[in-house]
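# Structural overview
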Amino acid sequence: MTAKVALATSNEGKRAELAPLFEELDIELVLPDARLMSEIEESGLTFIENALIKARAVSAITQLPAIADDSGLSVNALDGKPGIHSARYAGTPSDALRNNEKLLATMSDVPDREREASFQCVLVYLRHPDDPVPLIGIGSWEGEILRAPRGSQGFGYDPLFFLPSLNRTAAELTTEEKNAISHRAKAAKQLVAKLHGS
């Protein structure tokens, strides 16, 4: 029987990206109410802390095991920013277009050779809200920040995140291509291996 697992996000794009990565586990990823997600205060200072906060809150309310993703863009020239504040970089409510515009404006004077960045992802699995031994997967995806957006796939900062080895942005990749190499794919692969072993 397919087990239900709460996915701690109201972002349908994230669910669409994550669902195929967990297919082999025979679980159904259930999205909690969007209002619930907006009430969770991500007060951690790291991706791991924020993922744990979200997983615990969602598991407590749904009484289901929970998977939480905390991810973001880390730009070397900006000392790792926007980092854990990636989703709300330009303020609340979260708006990808405004986030991208702010990033481009902030980096306008950064030369091409110094525009390295990485997407970071932490995925946490809790069996129940008080699980003392969470399973954690971590993934990193290296790239560069362009001076203008390219592509219409994906979400968030994907149109600005350029992959020199492919000569394309993350927003120019198909879902299948992205799911083979992204930060989220790497974190999910680690987490799936740990779930198989648990």
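Let me begin by describing the structure that accompanies this report. (Residues numbered from 1 in each chain as written. Predicted model: local features only at pLDDT ≥ 70, side-chain atom pairs only at ≥ 80, totals over all residues. Heavy atoms only, no water.)

## Remarks on the overall build of the protein
- Summing up its helical and strand segments, the protein has six helices and seven strands in all.
- Ordered by position in the sequence, the α and β elements of the protein form the string β-α-β-α-α-β-α-β-β-β-β-α-α.
- For a compact globule of 198 residues, the expected C-alpha radius of gyration is about 16 Å, and the protein comes in at 17 Å, within 12% of that figure.
- Considered along the principal axes of its C-alpha atoms, the protein spans approximately 50 × 30 × 25 Å.
- Buried residues in the protein amount to 43% of all 198 residues. (Helix = DSSP H or I, 4+ residues; strand = E, 2+ residues; numbered from the N terminus. Rg over C-alpha atoms; globule rule 2.2 N^0.38 Å. Buried < 20%, exposed > 50% of the residue type's maximum accessible area, 1.4 Å probe, protein only.)

## As for the environment of F22
- If you trace the backbone, F22 turns up in the loop between α1 (12-18) and β2 (27-30).
- When its relative accessible area of 1% is taken as the criterion, F22 is described as buried.
- Taking the C-alpha atoms as reference points, F22 and R98, separated by 76 residues in sequence, lie 31 Å from one another.
- Those residues within four positions of F22 in sequence are excluded, and the remaining contacts are I27, L29, I67, L123, A188, L191 and V192. (Contact = heavy atoms within 4.5 Å.)

## Some remarks on the pattern of salt bridges
- Inspection of the entire model under this criterion finds nine salt bridges.
- D70 is the partner of K54 in a salt bridge, and the nearest nitrogen-oxygen pair spans 2.9 Å. Highlighted residues: K54 in helix α3 (residues 47-62) and D70 in strand β3 (residues 66-75), separated in sequence by 16 residues.
- By relative accessible area, which is 5% here, K54 ends up buried.
- R168 is the salt-bridge partner of E177, the closest N and O atoms lying 3.0 Å from each other.
- Using a relative accessible area of 26% as the deciding quantity, one classes R168 as partly exposed.
- Salt bridges sharing partners connect three or more residues here, namely E42, K54 and D70. (Salt bridge = Lys/Arg side-chain N within 4 Å of Asp/Glu carboxyl O.)

## Focus: the environment of R127
- Here R127 is to be found in the loop between β4 (116-126) and β5 (135-145).
- Of note is the side chain of R127, whose polar atom sits 2.9 Å from the backbone oxygen of V133. (Polar contact = N/O pair within 3.5 Å; in protein donor to acceptor, adjacent residues only side chain to side chain.)

## Describing the sheet that holds β3
- Taking strand neighbours across the sheet as the criterion, the seven strands line up as β2-β1-β3-β4-β5-β6-β7 in an open arrangement whose pairing is mixed. This sheet does not close on itself; its edge strands, each paired only once, are β2 and β7 (168-169).
- As paired elements, strand β1 (residues 3-7) and β2 share four bridges and run parallel to each other. Note on β2: the bridge partner recorded for A3 is I27.
- Along the sheet, helix α6 (residues 183-197) contacts β3, β4 and β5; its crossing angle with β5, the most-contacted strand, is approximately 165°. (Pairing = 2+ DSSP bridges. Axes fitted to C-alpha atoms, helices over the stretch in contact; angles between N-to-C directions.)

## So, α6
- With 15 residues, α6 extends 22 Å between its outermost C-alpha atoms, agreeing within 8% with the 21 Å of an ideal straight helix rising 1.5 Å per residue.
- All of the buried residues along α6 are H183, R184, A185, A187, A188, L191, V192 and L195.
- Buried positions along α6 lie against α1, β3, β4, β5 and α5 (175-181).
- Structurally, the start of α6 carries an N-cap: the backbone nitrogen of R184 is 3.3 Å from a side-chain oxygen of S182. (Expected span 1.5 Å × (residues − 1).)

## So, the packing of aromatic side chains
- All chains considered together, the criterion is met by three aromatic pairs.
- Relative to F161, the ring of W141 lies with its centre 5.4 Å away and its plane at 55°, an arrangement referred to as tilted. One end of the pair, W141, is in strand β5; the other, F161, is in strand β6 (residues 161-163), and 20 residues separate them in sequence.
- What links up through ring pairs into an aromatic cluster is the set F119, W141 and F161.
- Between K102 and the ring centre of Y89, over which it is positioned, the NZ or CZ distance is 4.4 Å.
- The cationic tip of K178 hangs over the ring face of F155; the distance from NZ or CZ to the ring centre is 4.9 Å. (Phe/Tyr/Trp six-rings, centres within 6.5 Å; stacked < 30°, edge-to-face > 60°. Lys NZ or Arg CZ within 6 Å of the ring centre and 35° of its normal.)

Everything listed is a geometric property; what it means functionally is a separate question.
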